[in-house]
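# Per-entry structural report
For reference, the chains in residue letters:
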Amino acid sequence: HKKNIERKPHKYDMYTTISDKAVGITDGCAEVDQRDKHPNDAKHRREKAFPMELCRRALSARLQDAHATEQKDRRRILNSVLGARKLDALPPPEHERYDQLNSNLHGR
């Protein structure tokens, strides 16, 4: 018998560095924000330095548009995602499996 496992939604955080200082945005308040009397205000102060263009690029990235050093590696990666038997075949430019993985990468 399979147990019914309650799946909790994942939270996604995005971090980078600016002048050797870590800056990030979080899905909800971070633990450090909770220490503040006004956690949402603390979250805003902490996140305001994050470069929003980086966020836009990350959330619009598409697996099928990615590059690899070797073209054969790109073909093999895309075909592996599709579950194809012939990994060196030319993969389709669009596919439902790409869309599913892209949604996962974008956090929803």
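How each quantity is defined
Residues numbered from 1 in each chain as written. Predicted model: local features only at pLDDT ≥ 70, side-chain atom pairs only at ≥ 80, totals over all residues. Heavy atoms only, no water. Helix = DSSP H or I, 4+ residues; strand = E, 2+ residues; numbered from the N terminus. Expected span 1.5 Å × (residues − 1). Buried < 20%, exposed > 50% of the residue type's maximum accessible area, 1.4 Å probe, protein only. Arc of directions from axis to C-beta. Contact = heavy atoms within 4.5 Å. Polar contact = N/O pair within 3.5 Å; in protein donor to acceptor, adjacent residues only side chain to side chain. pLDDT = per-residue confidence, 0-100. Salt bridge = Lys/Arg side-chain N within 4 Å of Asp/Glu carboxyl O.

### Some details on helix α4 (residues 71-82)
Working note: α-helix, 3.6 residues per turn, so residues spaced by three or four point in the same direction. Its 12 residues give α4 an end-to-end C-alpha distance of 17 Å, which sits within 8% of 16 Å, the value for a rise of 1.5 Å per residue. Along α4, the residues classified as buried are Leu78, Asn79, Val81 and Leu82. With its buried residues spanning 155° around the axis, α4 presents them on a single face. Against α5 (96-105) lie the buried residues of α4.

### So, the side chain of Thr26
Tracing the chain through its elements places Thr26 in the loop between β2 (21-25) and α1 (31-34). Residue classification places Thr26 among the buried positions, given a relative accessible area of 13%. Only 2.6 Å separates the side chain of Thr26 from the backbone oxygen of Gly28, close enough to count as a polar contact. When residues no more than four places from it in sequence are discounted, the contact partners of Thr26 are Tyr12, Asp13, Tyr15, Lys43, Arg46 and Glu47.

### Describing the confidence of the model for the chain
Detailed reading of the predicted model is not advised wherever pLDDT is low. Per-residue confidence for the chain gives a mean pLDDT of 90, with 90% of residues at or over 70. When pLDDT is averaged over each helix and strand of the chain, the minimum, 89, is found for helix α3 (residues 52-60) and the maximum, 96, for α4.

### With respect to the pattern of salt bridges
Under the defined criterion, the tally for this structure stands at 9 salt bridges. Between Glu47 and Arg46 there is a salt bridge; the shortest N-O distance is 3.7 Å. Here Arg56 makes a salt bridge to Glu53, at a shortest N to O gap of 3.5 Å. With Arg56 and Glu53 both in helix α3 and 3 residues apart, the pair spans about one turn of that helix. Look at Glu53 and you get partly exposed, because its relative accessible area is 44%. Salt bridges sharing common partners tie together Asp33, Lys43, Arg46 and Glu47.

### A word on the side chain of Lys43
Here Lys43 is to be found in helix α2 (residues 39-47). Lys43 sits in the buried class, given a relative accessible area of 17%. Here the side chain of Lys43 touches Gly28 through a polar contact of 3.0 Å, landing on its backbone oxygen. The residues touching Lys43, leaving out its near neighbours within four places in the chain, are Thr26, Gly28, Cys29 and Asp33.

### Notes on the environment of Asn102
Take Asn102: it is sitting in helix α5. Accessibility expressed as a relative area gives 6% for Asn102, which makes it buried. Those residues in contact with Asn102 that sit more than four places away from it in its chain are Ala61, Arg62, Leu63 and Gln64.

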